[in-house]
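Chains, contacts and geometry: an overview
Letter by letter, the chains look like this.
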Amino acid sequence: MSAGQNSLELFARAKAVLPGGVSSPVRAFGAVGGSPPVIRRGNGAIVEDEDGSRYTDFVCSWGPLILGHAHPVVVSAIVDATERGTSFGAPCKGEIELAELITGWYPGLEKVRFVSSGTEATMSAIRLARGYTDRDTIIKFSGCYHGHADHLLVDAGSGLATFGHPTSAGVPEAFAQKTLVLPLDDEEAVQKTFAEVGKEIAAVIIEPVPANNGLLIQRPEFLQYLRDETAAAGSLLIFDEVISGFRLGPAGAAGQYGIQPDLATFGKIIGGGLPVGAFGGRAEVMDRLAPLGPVYQAGTLSGNPVAMAAGKAALTTLERDSVWGKLETLGQYLDDTLGELLKNGPIPAALVRIGSIFWISLQDGEPPRAAADISPDAAEIYGRLFSHLLDNGICMAPSAYEVGFLSAAHTTEDIDALVREVGAFFEGLK
Ligand SMILES: *Cc1c(COP(=O)(O)O)cnc(C)c1O
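Residues numbered from 1 in each chain as written. Predicted model: local features only at pLDDT ≥ 70, side-chain atom pairs only at ≥ 80, totals over all residues. Heavy atoms only, no water.

Quick look at the site of the ligand now. The immediate surroundings of the ligand are formed by Ser117, Gly118, Thr119, Tyr145, His146, Gly147, Glu207, Asn212, Asp240, Val242, Ile243 and Lys268. Measuring from a nitrogen atom of the ligand, one finds a backbone N or O atom of Tyr145 at 3.3 Å. Between an oxygen atom of the ligand and a side-chain N or O atom of Asn212, the distance comes to 3.0 Å. If the ligand stood free it would expose 370 Å²; the protein chains cover 83% of that surface. Looking at the shell around the ligand residue by residue, the class counts come to three nonpolar, six polar and three charged. (Near = heavy atom within 4 Å. Polar contact = N/O pair within 3.5 Å; in protein donor to acceptor, adjacent residues only side chain to side chain. Areas by Shrake-Rupley, 256 points an atom, 1.4 Å probe, with all protein chains shown as cover. Nonpolar A, V, L, I, M, F, W, Y, C, P; charged D, E, K, R; others polar.)

What the seven strands build is an open sheet, ordered β4-β10-β9-β8-β7-β5-β6; its pairing is mixed. Each edge of the open sheet carries a strand with a single partner, namely β4 (111-115) and β6 (179-182). Taking the axes of each pair of neighbouring strands and ignoring which way they run, one obtains an average angle of 20° across the sheet. Inspection of the sheet shows strand β5 (residues 137-141) paired to β6 by four bridges, in the parallel sense. When the sheet's bridge partners are listed, Phe141 is paired in β6 with Leu182. Helix α7 (residues 187-197) contacts β5, β6 and β7 (201-206) of the sheet and is inclined by roughly 150° relative to β6. (Pairing = 2+ DSSP bridges. Helix = DSSP H or I, 4+ residues; strand = E, 2+ residues; numbered from the N terminus. Axes fitted to C-alpha atoms, helices over the stretch in contact; angles between N-to-C directions. Contact = heavy atoms within 4.5 Å.)

For the rest of this paragraph, the subject is the packing of aromatic side chains. Applying the stated criterion across every chain yields a total of nine aromatic pairs. An angle of 75° between the planes, with centres 5.6 Å apart, marks the rings of Phe141 and Phe222 as edge-to-face. Separated by 81 residues along the polypeptide, Phe141 in strand β5 and Phe222 in helix α8 (residues 220-233) bring together distant segments of the chain. On the basis of relative accessible area, Phe141 is assigned to the buried category, the value being 0%. Each residue in the set Trp105, Tyr106, Phe246, Phe266 and Trp324 is aromatic and connected to the rest through ring pairs, giving one cluster. (Phe/Tyr/Trp six-rings, centres within 6.5 Å; stacked < 30°, edge-to-face > 60°. Buried < 20%, exposed > 50% of the residue type's maximum accessible area, 1.4 Å probe, protein only.)

So, on to the domain arrangement of the chain. The assigned domain composition of the chain is domain 1 (5-58 + 322-429) and domain 2 (72-320). Domain 1 puts 26 residues into the contact, and the matching count from domain 2 is 32 residues. When domain 1 packs against domain 2, close to 2,400 Å² is buried across both sides, 67% of that on carbon and sulfur atoms. When residues of domain 1 are sorted by the area they lose upon contact with domain 2, Trp324, Ile354 and Arg369 head the list and together hold 35% of the total. Where domain 1 touches domain 2, the interface holds one salt bridge. Ionic pairing is found between Asp185 and Arg369, a salt bridge with its closest N-O pair at 3.2 Å. Run the count over domain 1 and domain 2 and you get ten residue pairs in polar contact (both at pLDDT 80 or more). Broken down by secondary-structure element, the contributors of at least two residues to the side of domain 1 that touches domain 2 are α12 (323-343), β11 (350-354) and β12 (357-361). (Domains from an automatic or database assignment. Buried area = accessible area lost by both parts, 1.4 Å probe. Salt bridge = Lys/Arg side-chain N within 4 Å of Asp/Glu carboxyl O.)

So, on to helix α14 (residues 412-429). Here α14 contains 18 residues, and its C-alpha end-to-end distance of 26 Å stays within 8% of the 26 Å for a straight helix at 1.5 Å per residue. Listed as buried for α14 are Asp414, Ile415, Ala417, Leu418, Val419, Glu421, Val422, Gly423, Phe425 and Phe426. Looking at the packing, one finds that the buried side of α14 touches β3 (54-57), α12, α13 (378-391) and β13 (394-395). (Expected span 1.5 Å × (residues − 1).)

Moving on to the sheet that holds β13. By way of backbone hydrogen bonds, the strands of a sheet pair with one another, either parallel or antiparallel. Strand order in the open sheet formed by four strands is β1-β2-β3-β13, and the pairing between neighbours is mixed. Edge strands, defined here as strands with exactly one partner in the open sheet, are β1 (39-43) and β13. As paired strands, β3 and β13 are joined by two bridges and run parallel to one another. Counterpart to Thr56 in the pairing with β13 is Ile394.

For the rest of this paragraph, the subject is the nonpolar core. Core analysis: the largest hydrophobic core is formed by 101 residues, its most contacted members being Phe141, Ile357 and Met396. Dropping the residues within four chain positions of it, Ile357 is found in contact with Val209, Ala211, Leu215, Ile243, Arg247, Leu248, Val352, Val403, Gly404 and Phe405. Ranked by size, the runner-up nonpolar core spans 20 residues in total, among them Ala121, Leu128, Ala203 and Ile238. (Core = buried A, V, L, I, M, F, W, Y, C linked by side-chain atoms within 4.5 Å.)

Below you can see the structure in the form of structure tokens.
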């Protein structure tokens, strides 16, 4: 894999001052080998590195850029807001408008609180669930990632799976003990746990579309089962929609499956490419937050006016330009082209897709629905595929466990180029 000279030199400097040379681990290419290109600009579906090499980008900043890089409406909203001041630490109109917009879209969402990342959103939602129910234990599912708060960093998907650690060092045993980890797609395990300790369970948290450990599309019946069990036990159901929120549609996975959680968490798309997260639910639960209630939660830059303006510009553009429908059409084109190629290639492979989220599953049989069903052999072959694509101007995520994203800026020609290069890689294997 050949990053250019400028990228190599910059990344050498990076490694001297940033652990691993990065600000977030998977960016370091540890799982796929080679040195990452250092990116200097993005426009539409294209990113350009410090050597001037251009790539068609299917990473899209790991999900946020559903409109592509530097979308003019978002950029101009950011510029306008910035000229009026970057932060006030006081109520601002932007946060009210963004909250009004999404509470009108998402089922059961009456009030929201803004934070600055997906991690903060899930961490705070868990605290609120514990405060509201007066219970300590939470259930999460193996392979689901909910950000890097201590009690959620247990069996948590790609970043950890990529580096072979089930759980992070530095998380006290006592914290992890309050997190029960169950397999996805397994009603019996849920039933058994609720039968044993149902009265201690504050919340069940799940990515309704698990997309951080491959793409593990769940049976609707399983999600409905979680809804029924939590309701019966007086526990809250939390949908972590940090990836799926505003990507599958205005109502996220909740709308897609017709299942309303008690709390939902958002991130990525909601900030239009700036650092924003949010969590919300019905007023009766949300009003337990400070200043109204006893559950403390705060943030110096929360509801930041520039970030709120970017989020509002992105979300209103999604609706105005009917982006979700267009992305589904593009996704179907991906099924018909890449999906067919993978199915008929020289190695076991399949395309897994929901809306504009896709994943290349490199194994035989039905697409996996639980983390344990993913073949460990996939990583080596994915690394080689990844390098071939990057050398030929296509950026995919640097880990076999990460998904790809389509954006409004991608075209059928971009998909044709991807299909051509995957085809060329397959030819080289013969
Ligand atoms: C990305 C992600 C998070 C964490 O969001 P950050 O903004 O990276 O802190 C949480 N949950 C899910 C489902 C995610 O995909």
